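Structural characterization, general
Residue-level listing of the chains:
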Amino acid sequence: MSHDEAVKEASAKHTTPAELVGKFQYGTAGFRMKAKILDSVVYRVGLLASLRSRKLNGQTIGVMITASHNPPEDNGVKLVDPMGEMLEAAWEKYATQLANADSDDHLVHVYNELVKTFKINLDAPARVIFARDTRASGSRLVECLNDALTATKTEVTDYRILTTPQLHYLVRCVNTKGTQDEYGEVSEKGYYEKLAAAFKQAMEHTKPQGHLTVDCANGVGGPKLRELLKYLPSPADGGLDVKVVNDDVHKPESLNHQCGADFVKTGQRAPPSSKAGPGDRCCSLDGDADRIVFYFQDEKNVFRLLDGDRIATLAASFIAELARQSGLMDKLTVGVVQTAYANGASTTYIQKNLGLQIVCTPTGVKHLHHAATRFDVGVYFEANGHGTVVFSPSALKSIHTHQPQSPAQADALTTLIALTDLINQTVGDALSDLLLVEVILAHKGFSCAEWLQTYTDLPNRLVRVEVADRNLFTTVEGTAERQLATPAGAQKDIEKIVAKYKDGRSFARASGTEDAVRVYAEASTRAEAEDLAAAVAQIVRKYGAK
Ligand code: 16G
Ligand code: MG
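Residues numbered from 1 in each chain as written. Chains lettered and ligands numbered in written order. Predicted model: local features only at pLDDT ≥ 70, side-chain atom pairs only at ≥ 80, totals over all residues. Heavy atoms only, no water.

Overview of the overall build of the protein
When helices and strands are tallied, the protein shows 18 helices and 19 strands. For the protein, the C-alpha radius of gyration of 23 Å lies close to 24 Å, the compact-globule estimate for 546 residues. Summarising its shape, the C-alpha atoms of the protein cover approximately 65 × 60 × 45 Å along the three principal directions. Buried residues in the protein amount to 58% of all 546 residues. Carbon and sulfur atoms form 49% of the exposed surface of the protein, whose accessible area is close to 22500 Å². Considering the protein, the positive charge centre built from 61 side chains and the negative charge centre built from 67 side chains are found 3 Å apart. (Helix = DSSP H or I, 4+ residues; strand = E, 2+ residues; numbered from the N terminus. Rg over C-alpha atoms; globule rule 2.2 N^0.38 Å. Buried < 20%, exposed > 50% of the residue type's maximum accessible area, 1.4 Å probe, protein only. Areas by Shrake-Rupley, 256 points an atom, 1.4 Å probe, with all protein chains shown as cover. Lys, Arg positive; Asp, Glu negative; His and termini not counted. Charge placed at Lys NZ, Arg CZ, Asp CG, Glu CD.)

Following this line, the structure appears as structure tokens:
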């Protein structure tokens, strides 16, 4: 059978319901929707993965099947590029085109157009590795993916169930194996060993304080965290004292239900199941463990959130301090990347107190990651808890070749080197970020309350507004979504309102994942932040109704 025939024949098993043609879009985090309508999409993403691998001389491409913090009946699929980063933005439209082809013939046509455009040799090797989270629909979708990889004669490794960042890690490991940029052992075990060794090194002269409760959203993070813990020193040996909760992956309906990072961040409250007492350190992962937020109850039993902005400030201050203490400050510029959702107080703190540079990008990990790679050390976090730290090749070289001038410099350098291995540099990783935060809190001797005290957040409010067509709301290029370009007049109206509030800041942007417009507002008091958000939401409703 010819290549075309094989692709077409397998496609016939995975047809797209006619009413959905034209509706699929490879968005901020790939395709994500009700699992029952994803079969053809996953099949076609498999085709694109093989094309991309062939286009990149047989380098391995990753495919992850997950819908992160979405409800259990949803699923999703996204591609991972050879260095473990998100699919190159220019290729997202090809995923969209393939997904929307309205017949098997049309699909083969779109596929062949890509082969021609990129001069792809279909006889050259293609390599793909893939994994999925714990959703019930995952195994069926894997079959759809496998059909595409078989039809295209792609070499495949099925890593079964993994967190999203573990797959990113493996993709980078495979593609750097045997080179001077080797990233780690190409196995799940290799991932745990790398993190555990780095953690031990970073904690050589210090001990964690108290215990940590980890809410795993009843997702894949639960079993993977338990596995990771086996590689770490026990609490008796100075290791972490971790209590794992919400780690039931056998009740699919419990995934992300009343727990997990999104529940905590959006609702600004602990999971109702939480039994933590005042001061107890807690954190929540999301359904695929690429996102984490921390929190605790203060002495007045008030819930206190330590979100992505807090992790960014904590990590940036610690890394800048280590760079200074090890005598490397002149050689390393540490920068922080945020989005418009970052609390204004965190931005001021980073600039004024830490004296570090800041860049603001549009929402979505790929934008932040990209911007972070321009610094020697780029710390990036979205307020919602997605984030990591990336070290440039030249920064790694400076760190590894630096000759410390004193025992104090040597200690700081050892910790800094450990961090370069502890931090998953391919993408934000809840398990790696968890260890990073624990290391920093131990070194600084901080409780959650002390961490929170470093600066005071401006009161803020996030509102979701439903409009007839969210696509009417577009933002001005280069403003990192802080200004609306259309509908005409809306931005002026927003600015008029904002000007009336002390420390007022507000913006509206179309969601990339839901059919809605999001409004963010902050001001000097809670009441004012609420009023400002309500007023801007009203403006959005007015323009959205036109
Ligand atoms: C996706 C993005 C996340 C972003 C969120 C915004 C990735 C892996 N995930 O979940 O970074 O914060 O979308 O959602 O990039 P929104 O557009 O609906 O506000
Ligand atoms: Mg996620």
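On we go from here.
As for the packing of aromatic side chains
Using the criterion set out here, one finds 14 aromatic pairs in the structure. One aromatic cluster is present, built from ring pairs that chain together Tyr 169, Tyr 183, Tyr 191, Tyr 192 and Tyr 231. Against the face of Tyr 183 rests Arg 172, its NZ or CZ located 4.7 Å from the ring centre. The ring of Tyr 455 is capped by Arg 310, whose NZ or CZ atom sits 3.9 Å from the centre of that ring. (Phe/Tyr/Trp six-rings, centres within 6.5 Å; stacked < 30°, edge-to-face > 60°. Lys NZ or Arg CZ within 6 Å of the ring centre and 35° of its normal.)

Some thoughts on the pattern of salt bridges
Two side chains of opposite charge can pair, provided their charged atoms sit close to one another. Within the structure shown, the criterion is met by 33 salt bridges. Two residues, Arg 52 and Glu 88, come together in a salt bridge whose shortest N-O distance is 3.3 Å. On the criterion of sequence distance, the pair formed by Arg 52 in helix α2 (residues 39-55) and Glu 88 in the loop between β3 (74-80) and α3 (92-100) is long-range, its members being 36 residues apart. Linking Lys 116 and Glu 113 is a salt bridge whose minimum nitrogen-to-oxygen distance equals 3.2 Å. Residue Lys 116 and its partner Glu 113 are located together in helix α4 (residues 104-117), separated by three residues, close to a single helical turn. With a relative accessible area of 58%, Lys 116 lands in the exposed category. Connected through salt bridges with shared partners, the residues Arg 464, Glu 466, Glu 514 and Arg 518 form a single ionic network. (Salt bridge = Lys/Arg side-chain N within 4 Å of Asp/Glu carboxyl O.)

With respect to the coordination of the magnesium ion (ligand 2)
For the magnesium ion (ligand 2), the full set of protein donor atoms is Ser 68 (OG), Asp 286 (OD), Asp 288 (OD) and Asp 290 (OD), and the range of their distances to it is 2.0 to 2.2 Å. When the donor residues of the magnesium ion (ligand 2) are listed from N- to C-terminus, their spacing reads S-x217-D-x1-D-x1-D. With Ser 68 in the loop between β2 (60-65) and β3 and Asp 286 in the loop between β8 (281-285) and β9 (292-297), this pair connects stretches of sequence that are 218 residues apart. The pair formed by Ser 68 and Asp 286 is uniform in burial state, with each residue classed as buried. (Donors = N, O, S within 2.8 Å, 3.2 Å for Na, K, Ca; no water.)

Section: empty space enclosed by the protein
Overall, the coordinates contain three cavities of 30 Å³ or more when judged by the stated rule. As a volume, the largest cavity reaches approximately 50 Å³. Forming the boundary of the largest cavity are Tyr 26, Gly 27, Thr 28, Ala 29, Gly 30, Lys 78, Met 86, Leu 87, Glu 92 and Lys 366. Taken together, the residues that form the lining of the largest cavity break down as four nonpolar, three polar and three charged. (1 Å grid on protein atoms, 1.4 Å probe; cavity = no way out; pocket = protein on both sides within 12 Å on 5 of 7 lines; lining within 4 Å. Points joined across faces, edges and corners; volume = space filled by probe spheres on them. Nonpolar A, V, L, I, M, F, W, Y, C, P; charged D, E, K, R; others polar.)

Examining the sheet that holds β9
Read from one edge of the open sheet, five strands run β7-β6-β8-β9-β10, paired in mixed fashion. Looking along the sheet, the strands with just one partner apiece sit at the ends: β7 (242-245) and β10 (303-306). With direction set aside, neighbouring strand axes in the sheet form an average angle of 25 degrees. Sheet contacts for helix α8 (residues 221-231): β6 (212-215), β7 and β8; angle to β7, the most-contacted strand, approximately 160 degrees. (Pairing = 2+ DSSP bridges. Axes fitted to C-alpha atoms, helices over the stretch in contact; angles between N-to-C directions. Contact = heavy atoms within 4.5 Å.)

Concerning the site of ligand 1
The full set close to ligand 1 counts 14 residues, and Glu 382, Ser 511, Gly 512, Thr 513 and Arg 518 are the nearest of them. Contact distances for ligand 1 include 2.5 Å between an oxygen atom and a side-chain N or O atom of Glu 382. Residue Ser 511 places a side-chain N or O atom 2.5 Å away from an oxygen atom belonging to ligand 1. A per-class count over the shell around ligand 1 returns three nonpolar, eight polar and three charged. (Near = heavy atom within 4 Å. Polar contact = N/O pair within 3.5 Å; in protein donor to acceptor, adjacent residues only side chain to side chain.)

Concerning the pairing of strand β13 (residues 377-381)
Most of β13 sits inside the fold, with five of its five residues counted as buried. Of the two faces of β13, the one lined by Val 377, Val 379 and Phe 381 and the one lined by Gly 378 and Tyr 380 are each fully buried. The pairing of strand β11 (residues 334-339) with β13 spans four bridges and is classified as parallel. Directly across from Gly 335, in β13, lies its bridge partner Gly 378. Strand direction decides the pairing type here: β13 and strand β14 (residues 387-391), joined by five bridges, are antiparallel. Along β14, the bridge assignment pairs Val 377 with Phe 391. Remark: five residues form the turn of the hairpin made by β13 and β14, two consecutive strands paired antiparallel; Gly 385 in that turn has positive phi of roughly 105 degrees.

Points about the side chain of Glu 438
Relative to the assigned elements, Glu 438 resides in helix α15 (residues 430-444). Ignoring sequence-local partners within four residues, the contact set of Glu 438 consists of Leu 212, Leu 240, Arg 281 and Phe 294.

A closer look at the layout of surface pockets
For the second largest pocket, the calculated volume is near 1200 Å³. Around the second largest pocket, the lining is made up of 48 residues, and of these Arg 172, His 369, Thr 373, Val 390 and Gln 425 lie nearest the centre. The set of elements that each furnish at least two residues to the lining of the second largest pocket consists of α6 (164-176), β12 (357-361), α12 (365-372), β14, α13 (393-401) and α14 (407-422). With seven residues, α12 is the single largest residue contributor to the lining of the second largest pocket. When its residues are assigned to classes, the lining of the second largest pocket shows 19 nonpolar, 17 polar and 12 charged.

Regarding the UniProt feature "active site" (unreviewed entry) in the protein
Within the UniProt annotation, "active site" (unreviewed entry) is assigned to Ser 68. Beyond its immediate sequence surroundings of up to four residues, Ser 68 is in contact with Arg 32, Asp 133, Arg 135, Asn 256, Asp 286, Gly 287, Asp 288 and Asp 290. (UniProt positions renumbered as here; feature names shortened; annotations may be inferred.)

Details of the environment of Asn 218
Inspection of the secondary structure assignment puts Asn 218 in the loop between β6 and α8. For Asn 218, a relative accessible area of 9% gives the class buried. Dropping the residues within four chain positions of it, Asn 218 is found in contact with Thr 134, Asn 246, Asp 247, Asp 248, Val 249, Ser 254, Leu 255 and Cys 259. At a separation of 3.2 Å, a polar atom in the side chain of Asn 218 contacts the main-chain amide nitrogen of Asp 247.

Section: the sheet that holds strand β15 (residues 460-465)
Pairing is antiparallel across the open sheet formed by three strands, whose spatial order is β15-β19-β18. With one partner strand each, in any of the chains shown, β15 and β18 (505-510) form the two edges of the open sheet. Recorded for the sheet is a direction-independent mean angle of 15 degrees between the axes of neighbouring strands. When β18 meets strand β19 (residues 517-522), the two strands line up antiparallel, connected through six bridges. Counted as the bridge partner of Ala 510 is Val 517 from β19.

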